[in-house]
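# An overview of the molecular structure
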Amino acid sequence: MKKCSMTLMGIFVILLLAACNDNEEPDELSDPSNTEQEEVNNEEITNSDDHTEEEMDDGEEEEEQADEIVQEEEPDPEPEPETAQPLYELSESWNLVPLNDQVNEQVVLLTIDDGPDEHTLEMAKTLKELEAPAIFFVNGHFLQTDEQKNILKEIHDMGFAIGNHTYNHQRLSEVDEDTQKQEILELSELIEDIIGETPKFFRAPNGVNTDYAKQFVKDQGMLLMNWTYGYDYFEPYMDAEKLTEAMVTGEAPEVDVNYSLLKPGANLLMHDRKWTSAALEDIVKGLREKGYKMADPNTIKLPE
Ligand SMILES: [Zn+2]
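Cut-offs and rules
Residues numbered from 1 in each chain as written. Predicted model: local features only at pLDDT ≥ 70, side-chain atom pairs only at ≥ 80, totals over all residues. Helix = DSSP H or I, 4+ residues; strand = E, 2+ residues; numbered from the N terminus. Contact = placed C-beta atoms within 7 Å. Core = buried A, V, L, I, M, F, W, Y, C linked by C-beta atoms within 7 Å. Buried ≥ 20, exposed ≤ 12 C-beta atoms within 10 Å, placed from the backbone. Expected span 1.5 Å × (residues − 1). Bend = angle between axes of the 7 residues up to and from the residue. Arc of directions from axis to C-beta.

## A few points about the overall build of the protein
- Helix and strand counts for the protein stand at 9 helices and 9 strands.
- Within the protein, contacts between residues at least 6 apart in sequence are counted, and of these 70% link residues at least 24 apart.

## Brief notes about the nonpolar core
- Ranked by internal contacts, the top residues of the largest apolar core, which has 64 residues, are Val108, Ala134, Phe136, Leu223 and Leu268.
- Discounting chain neighbours no more than four positions away, the residues touching Val108 are Ala266, Leu268, Leu287, Tyr292, Met294 and Ala295.

## Things to note about helix H9 (residues 274-289)
- Taking 1.5 Å of rise per residue, the 16 residues of H9 would be expected to cover 22 Å, and the 24 Å separating its terminal C-alpha atoms lies within 8% of that figure.
- Its axis deflected by about 45 degrees at Leu280, H9 carries its strongest bend there.
- Regarding H9, the residues found buried are Thr276, Ser277, Ala279, Leu280, Ile283, Val284 and Leu287.
- Elements that come into contact with the buried residues of H9 comprise strand E3 (107-115), helix H4 (120-129), helix H8 (240-249), strand E8 (266-271) and strand E9 (293-294).

## What to know about helix H7 (residues 211-219)
- Restricting attention to buried positions, one finds in H7 the residues Ala213, Phe216 and Val217. Each buried residue of H7 sits inside an arc of 100 degrees when the element is viewed along its axis, so together they form one side. Every exposed residue of H7 that faces more than 90 degrees away from the buried side is listed here: Asp211, Gln215 and Asp219.
- In this fold, the buried residues of H7 make contact with helix H6 (177-195), strand E6 (201-202) and strand E7 (223-224).

Below is the structure:
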């Protein structure tokens, strides 16, 4: 009996101490409105919990309830299994724009045109080694032999995006609509024969687009893009060191770009060229040192 009342007394003391402790806490908050705010916040949290519980209060199994919570947290109930969630859209001036403010805007998009000629495979291997995603815009006249087709397959298997750059590197403004259509469609079909899927991106040779081609590309479900800067096709920059400097700074004073075009979302044009291939590793590393990540083309929003 004595032991029991001692225990009860002990519990009482503990409860008393706990109560005193509770009373002290609000005193630490000098501003009473803070306390109120905190209570409101707590209520909101509690309410949302209650809400979840209410929804489940219909005799379902606990496991099913857990599933429901997980599903509620999923932003998109029907995600495309093979396509990453779009994070960026392409602006009218061809740069990547984040779709919401949670997305890192400090990115650049790497694109490599005119392959698979002599340097595409080597360039893809360099980028793969650096874990730097890119789009390779290819031409049909470089996809005639088994060796060329295998290169395309290989770079696709490495995870790079493949873009359509017309069958014959045809300047679209110089041919009639039927020919424009052929130039685009026949290459998409050839690419599909080789890699098992049609290209999602289109870039016109020399960046020359016609209204007809723009519409046709869109109808084909492809995203048309030019670029924001690239210097490897200007004589002064056909040199690995000079090209690296220009691509990493965004400036090319020898072709009158005395200001930097390196900005968040910049769309970088490069080609299957000896000097570009030699510069590629330093370009990627230099851009990373400047705080830029290489955007994943799979996260770019495509036409509906
Ligand atoms: Zn080209």
